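# A look at the structure
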Amino acid sequence: MNRTTLSLIAGATALAAVTGFAAVTSPDTSAPDTTATAAELPVERTSLTCPTPSVSDLAETTYTSFTPVTKGTGSDGKAELRPAVTESTDGKDGKDGKTGKASGKGDKDGEGEKEAKAFLTAKEPGKPLAEDVSGSDSPALVGTADGKFAPGWTVQQTTEVAAGTGRGLLGAACTAPDTDFWFPGASTAADRTDYVHLVNPDDSAAVVDIELYGRDGALETTTGEGITVAPHSDDPVLLSTLTTEKLDNVTVHVSVRSGRVGASVQALDDKLGGDWLGASVDPAGSLVIPGIPKDATAVRLIAFAPGDADADLKVRLASPTGQITPAGNETLHLKAGMTGAVDLGDVMRGEPGSLVLTPTGRSVPVVAAVRVVRGKGAGQETAFIPATRPVGTRATVVDNRAKGTTLSLTAPFGAAEVKVTASAGSEGGTPATKSFTIKAGTTQQVEAPVPSGLKGTYALTVESVSGGEVHGARTITDAQDGVSAFTVQTLPDDRGTVAVPKADQDLSVLQQ
């Protein structure tokens, strides 16, 4: 008996649920509105990439994996992180030991490559799992999660470096591979050592272009075009080798011609320590940069307008009592294709806050980030906060500790209510939940819940309940020999579900 299924809607449903990929297009006014009949279904597979954490022998890195419990998933699935570089079947690493790139060798004299052993395998949703590594030997990692582990899967790498360039606390949320990334806030100055890490998780090579933009426009680069990233590799590209210009404020654009990569910038300063600079949200007319610590001693805003039109932005600081205008920096003018930067100094004045950028007139897409400095003199440390998506339905951040964790939430355009859940601890503890109302235009450093009987670290999951959009960020602090070590991670929507239109009519046809 032959059976032929002609249901296009069923096919689209399966594709969306498996990939978790959502495309945003201009609305088709001639098509019927299916929004009211769309169902939110959990994604069934997702992937992440984690760059090589450090080249320092003094580095101590913790990887934490967590998936929040999601209704509607099946009972099966798994989430694993593996070294990006494959292993050869003769027992040697399938890579060039100096570069960390896949060698491309194999199938010669019986030799070949096999997938590396799992570095970390999650055990159950709702409970974080952590793994520690020491020194400079930790490779880049790639991972996939499917079934009940896929929706909202979150992985963080946190590295402590005791001394040397980039010393301090460096934190990064592992990112999904993609084809386009913007990083305002990088540098090619003499006192900075900035790398763009390109992690290729796939079996075929990726071809990548890296463009740099300074205060006067595009920088001439010698080797930034057509960079081939070998399969299963992490290719760290030193920005200062791409151009002869030495600039403090540079916007990096990573675009992928073929394939896909995970991309992130590691910014290492000789005096101010180091951290990871995550990608800004896609270019937009209005941006929110949440969670600037209240004890920041210096705040620098870096922004870039990638189109052909200049951008004029209102700059507002959402404080605990409402939005205020930084004195002398009410607006920011960005020339098209040129990186703009403004030093806001100690604008926080002992209160947590978030920057809200909105157009003064015509909306022009921009990207932005801030560099934050804490401490004084030799004890200073730096971190970066990119503009980010709102929390949306749900967002999660992991590797929270019993001490030194703060959660900031801002509702820039309208009051909102959220629910915050602390997971069980990685080594024990009972989950806890609190609800908060964030007033319109304010930033609140909330007293986040902590698991009772906590052992190890835990995850914080923020869910929107009602009201306007909410943006969030988590700060980890860890004083190290007088250094104000810290790192900040934003909480964008985890995109753990996709909207799938419901069928009004069964179009399946059964033929015998």
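These notes cover the structure that comes with them. In this text the structure is predicted, and so the values were computed from the model without any measurement.

Now for the packing of aromatic side chains. Scanning all chains against the criterion turns up four aromatic pairs. Ring geometry for phenylalanine 181 against phenylalanine 183: centres 6.3 Å apart, planes inclined by 15 degrees, an arrangement best described as stacked. Exposure remark for phenylalanine 181: the relative accessible area of 6% places this residue in the buried category. Feature note: the residues Trp182, Tyr213 and Phe304 constitute an aromatic cluster, connected by ring pairs.

Here we come to the pattern of salt bridges. Tallied over the full model, the rule gives 11 salt bridges. Glutamate 80 is the salt-bridge partner of lysine 78, the closest N and O atoms lying 4.0 Å from each other. Take glutamate 80: its relative accessible area is 14%, and that puts it in the buried class. The shortest N-O distance in the salt bridge between glutamate 463 and lysine 419 comes to 3.7 Å. Here the residue glutamate 463 occupies a position in strand β37 (residues 458–467), and lysine 419 occupies one in strand β32 (residues 416–422), the gap between them amounting to 44 residues. Judged by relative accessible area, which is 27%, glutamate 463 ranks as partly exposed. Salt bridges sharing partners connect three or more residues here, namely Lys78, Glu80 and Arg82.

Glancing now at the sheet that holds β32. The strand order across the open sheet formed by four strands is β30-β37-β32-β34, and the pairing between neighbours is antiparallel. Each having just a single partner strand, β30 (394–400) and β34 (432–438) make up the two edges of the open sheet. On average, adjacent strands in this sheet sit at an angle of 20 degrees to one another, irrespective of strand direction. In this structure, β32 lies alongside β37, joined through seven bridges in antiparallel fashion. The partner of glutamate 417 across the bridge, within β37, is serine 466.

Calculation rules
Residues numbered from 1 in each chain as written. Predicted model: local features only at pLDDT ≥ 70, side-chain atom pairs only at ≥ 80, totals over all residues. Heavy atoms only, no water. Phe/Tyr/Trp six-rings, centres within 6.5 Å; stacked < 30°, edge-to-face > 60°. Buried < 20%, exposed > 50% of the residue type's maximum accessible area, 1.4 Å probe, protein only. Salt bridge = Lys/Arg side-chain N within 4 Å of Asp/Glu carboxyl O. Helix = DSSP H or I, 4+ residues; strand = E, 2+ residues; numbered from the N terminus. Pairing = 2+ DSSP bridges. Axes fitted to C-alpha atoms, helices over the stretch in contact; angles between N-to-C directions.

This is a description of form; function is not addressed.
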